[in-house]
Amino acid sequence: MGGFLLHLMGFCLGAFMLLVGSATVAPSGSGVRGGAAVIVDGTNPIATTDEDFVCATLDWWPPEKCDYGTCAWGLSSLLNLDISNNILLNAIKEFSPLKIRLGGTLQDKVIYDTGMPQQNCPHFTKNTSELLGFSNGCLPMQRWDELNDFFKKAGAKIYFGLNALYGRIPMSDGSYGGSWDSSNAASLIRYTVNKGYTIHGWELGNELSGSGVGTRVDADQYAADVTNLKFLVNTLYQGFETKPLVLAPGGFFDASWFTELVSKTKPSPLDVLTHHIYNLGPGVDTHLIDKILDPNYLDGIANTFSNLQSIIKNGGTPAVAWVGEAGGAYNSGRHLVSDSFVFSFWYLDQLGMSAKYDTKTYCRQSLVGGNYGLLNRTTFAPNPDYYSALLWHRLMGKNVLSTNFTGTNSIRAYAHCAKGSEGITLLLINLSGNTTSQVAVSTNNKMYKTLKQHERHSTKKLNHLRGFGKKAMGFTREEYHLTPKDGNIQSQTMLLNNKILELDSSGNIPKLEPIEVEATEPITVVPYSIVFVHIPYFYAPACR
């Protein structure tokens, strides 16, 4: 009965907000926009994500990896990352768990030193005459042991990208032909199983789909190789109650190529279709910020998400979609853009948009490394996007709700059922540097009609509620306002509710604490800001 009353009161307050929300009017010419509203349909979810939707990557790039005269990787490779660093450990632990995808451009040139006969263990060496500009590299099993010990301590969920070019031969047209030689991968998986290490997924290849990056593999051959990997995983994990996922292709979306892959992996389909996103162009582009602040440009990637879902639906496959790697700007990003506050506009918009299209997991390039790391590559101190990712992870549940924002196209709005709590969480992103918006939140018309029917014989209750004003039944919501230091969107310092987010003296991540706001007050979204709003009293059947 108590739960019913809580939902009924939430219903009533929703109607109250519909009645009074539009009354917020700002003075003309004040730079404040009144009358903006976000309408959330809480009837049914439009999509679902994994509970641990947020994911980050670790790459193979050696220090010699340079772009446009800048070498932005340092000691952030899987082979040389300082995994004894306490700040790095704490940063991963905060997610409990964080999915981490191990892979990247050079993964297809990695040899696993498992003691196979006549197998060398070379270091990556820069060589412009070689594919992808580097010679083959090697993963020693001692390092693999160290990494697994660290990931277990950090509570991370690991997905490993395998060397899909192993055993293939270069063709005259620039592609690689022949079947994948799975022997080296099998030796690594077998070693991993025997050691008792938990790997949640094995992914075949990196950016070999479609026209590829550096080279490519035809879809029909890739499908045969994925089927081989599926058989390998099923065999080596025989008797396990839960087997690792099989993921592919870890490349850029090409509709015909992906369609063929789905079709030809039957009747042993892969578990996850992974694709990569760098829709902002090269890191050297001086117009990156202009693109990030342009809502029409941000909308451009929606077709990729939509088309992939159509392929999955029409292909009759149980596979789901992941963004397996996304750094926004390729060739290592751009300093003071992809590692600064402004990039959270792009990043959080990507999380919101991809979730709407039933993407289950979104892996950010990178956790550490390049100019787009969630963490600084030398100190491991969080960049702004780390805090954006952590707030999403803690506040946004797996059920995605239909959301419609009216008033300005400069505000991006997304809503999910709240994570581990009643009600919903709303995300508002203000791309405007000039306008503050006063935003009212309301339910959709269908829900309002339901309320009207429910209250048909007790209208006095609603009239009584309307008389409460700011004290509307004592309801409050929690707001998390993110802004850049000194209003500079290229700042690497983020503020939460006007307090600087920084590590304490022991290297611990700061607490992310909200402010409480009366339910009847509009949400104030200042210029160039991001707001997460947890609304526990919002009645949403989708969130039961």
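Position numbers for residues start from 1 in each chain and track the written sequence from start to end. Local features in this predicted model are restricted to residues of pLDDT 70 or higher, and side-chain atom pairs are both shown and tallied only at a pLDDT of 80 or more, whereas totals for entire chains, interfaces and linings draw on every residue. Heavy atoms from the whole structure form the basis of all side-chain values; hydrogens and water molecules are not counted.

Per an unreviewed UniProt entry, the chain goes by the name Heparanase-like protein 3 and belongs to Rhynchospora pubera. UniProt, in its Function (unreviewed entry) section for the chain, records the words "Endoglycosidase which is a cell surface and extracellular matrix-degrading enzyme. Cleaves heparan sulfate proteoglycans (HSPGs) into heparan sulfate side chains and core proteoglycans." UniProt positions are given in the numbering used here, feature names are shortened, and annotations may be inferred rather than shown by experiment.

*Asks:* Whenever I open this one, the overall build of the chain confuses me. Can you help?
*Replies:* Helix numbers and strand numbers start at the N terminus; a helix is a DSSP run of H or I with at least 4 residues, a strand a run of E with at least 2. Per the secondary structure count, the chain includes 13 helices and 26 strands. Accessibility here uses a 1.4 Å probe with only protein chains present; expressed as a share of the type maximum, an area under 20% marks a residue as buried, one over 50% as exposed, and anything in between as partly exposed. In the chain, which comprises 544 residues, the proportion classed as buried is 57%. Taking as baseline every contact in the chain between residues at least 6 positions apart, the subset at least 24 positions apart corresponds to 77%. The protein chains shown are the only cover counted for residues, whose accessible areas, like all others here, come from Shrake-Rupley with a 1.4 Å probe. Entry remark: accessible area of the chain is about 21700 Å², with carbon and sulfur atoms responsible for 49%. Throughout, a contact is declared for two residues whenever any of their heavy atoms are within 4.5 Å.

*Asks:* Which parts of the structure should I look at to understand the packing of aromatic side chains?
*Replies:* How two aromatic rings sit relative to each other is given by the distance of their centres and the angle of their planes. Each Phe, Tyr or Trp ring, with Trp reduced to its six-membered ring, pairs with another whose centre is within 6.5 Å; inter-plane angles below 30 degrees give stacked pairs, above 60 give edge-to-face pairs, and intermediate values give tilted ones. Under the counting rule described, the total for this entry stands at 22 aromatic pairs. Consider the rings of Phe-53 and Trp-392, whose centres lie 5.7 Å apart with planes at 35°: the pair is tilted. Here Phe-53 is found in the loop between strand 2 (47-48) and strand 3 (54-58), whereas its partner Trp-392 is found in helix 11 (residues 384-395), with 339 residues between them in sequence. In this structure, Phe-53 and Trp-392 share a single accessibility class: buried.

*Asks:* Hey, could you run me through the sheet that holds strand 16 (residues 361-364) in this one?
*Replies:* Each strand in a sheet pairs with its neighbour through backbone hydrogen bonds, running either in the same direction (parallel) or in the opposite one (antiparallel). An order of 3-4-7-10-11-12-14-16 is seen for the eight strands of this closed barrel, with the pairing classed as parallel. Taking each pair of neighbouring strands and ignoring which way they run, the sheet shows an average axis angle of 25°. Between any two strands, at least two bridges found by DSSP are needed for them to pair. Across three bridges, strand 14 (residues 320-326) lies against strand 16 in parallel orientation. In the strand pairing of strand 16, Val-323 is matched with Tyr-362. This element, helix 10 (residues 343-356), spans strand 3, strand 12 (272-277), strand 14 and strand 16 of the sheet and lies at about 160° to strand 16. Under this scheme, a helix contributes an axis fitted over its contacting stretch, all axes are lines through C-alpha atoms, and angles between N-to-C directions fall in the 0 to 180 degree range.

*Asks:* Could you clarify how one ought to interpret the packing of helix 6 (residues 255-264) against helix 9 (residues 302-315) in this entry?
*Replies:* Packed helices, taken two at a time, are described by their axes: the angle between them and the distance between them. Look at helix 6 against helix 9: their axes get within 10 Å of each other, and the N-to-C directions meet at 25°. One way to sum up the angle between helix 6 and helix 9 is to call them roughly parallel. For the crossing formed where helix 6 meets helix 9, the hand is right-handed. Along the contact surface, helix 6 presents Ala-255, Phe-258, Thr-259 and Val-262, while helix 9 presents Leu-308, Ile-311 and Gly-315. Think of it as three bins: nonpolar holds Ala, Val, Leu, Ile, Met, Phe, Trp, Tyr, Cys and Pro, charged holds Asp, Glu, Lys and Arg, and polar takes everything else, Gly as well. The class makeup of the residues in the contact of helix 6 with helix 9 is five nonpolar, two polar and no charged. When describing relative orientation, an angle under 35 degrees is termed roughly parallel and one over 145 degrees roughly antiparallel, while 65 to 115 degrees is termed roughly perpendicular and anything else oblique. Two helices cross in a left-handed way if the nearer one is turned anticlockwise from the farther one by less than a right angle. They cross in a right-handed way if the turn is clockwise.

*Asks:* I'm lost on the state of the cysteines in this one. Help?
*Replies:* As used here, a disulfide is simply a covalent bond connecting the sulfur atoms of two cysteines. The definition used for a disulfide is geometric: two cysteine sulfur atoms within 2.5 Å. Summed over all chains, the structure comprises four disulfides. Put simply, Cys-55 and Cys-363 are joined by a disulfide, and their sulfur atoms are 2.2 Å apart. Between Cys-55 and Cys-363 the sulfur-sulfur dihedral comes to about 85°; the bridge is accordingly right-handed. Linking Cys-55 in strand 3 with Cys-363 in strand 16, this pair joins segments that are 308 residues apart in sequence.

*Asks:* So what exactly am I meant to see when it comes to the pairing of strand 3 here?
*Replies:* Regular strands show a simple pattern: their side chains alternate between the two faces of the sheet. Along strand 3, five of the five residues are buried, which leaves the element largely enclosed by surrounding structure. Where burial is concerned, the two faces of strand 3 agree: the one with Val-54, Ala-56 and Leu-58 and the one with Cys-55 and Thr-57 are both buried. Taken together, the three bridges between strand 3 and strand 16 define a ladder with parallel strand orientation. Bridge pairing in strand 16 places Val-54 opposite Tyr-362. As paired elements, strand 3 and strand 4 (residues 99-102) share four bridges and run parallel to each other.

*Asks:* What should I look at first to understand the side chain of Thr-408 in this one?
*Replies:* If you trace the backbone, Thr-408 turns up in the loop between strand 17 (396-406) and strand 18 (411-418). For Thr-408, a relative accessible area of 18% translates into the label buried. Two N or O atoms count as a polar contact when they lie within 3.5 Å, although within protein this holds only if one can serve as hydrogen donor and the other as acceptor, and sequence-adjacent residues are included solely when both atoms are side-chain atoms. A polar side-chain atom of Thr-408 sits 3.1 Å from the main-chain amide nitrogen of Ser-410.

*Asks:* Explanation requested: the environment of Trp-257 in the structure shown.
*Replies:* Its location among the elements puts Trp-257 in helix 6. Sequence separation between Trp-257 and Asp-220 is 37 residues, and the spatial gap between their C-alpha atoms is 8.7 Å. Beyond its immediate sequence surroundings of up to four residues, Trp-257 is in contact with Leu-208, Ser-209, Gly-210, Val-217, Asp-218, Ala-219, Tyr-222 and Pro-249.

*Asks:* Sorry if this is basic, but what is going on with the pairing of strand 21 (residues 476-484) here?
*Replies:* For strand 21, a buried count of seven out of nine residues is recorded, marking the element as mostly surrounded by other parts of the structure. For strand 21 and strand 26 (residues 529-535), the ladder comprises five bridges, and the chain directions are antiparallel. When the sheet's bridge partners are listed, Glu-479 is paired in strand 26 with Val-533. Examined bridge by bridge, strand 21 and strand 22 (residues 494-496) share three bridges and lie antiparallel to one another. Paired with Thr-483 across the two strands is Leu-495, which belongs to strand 22.

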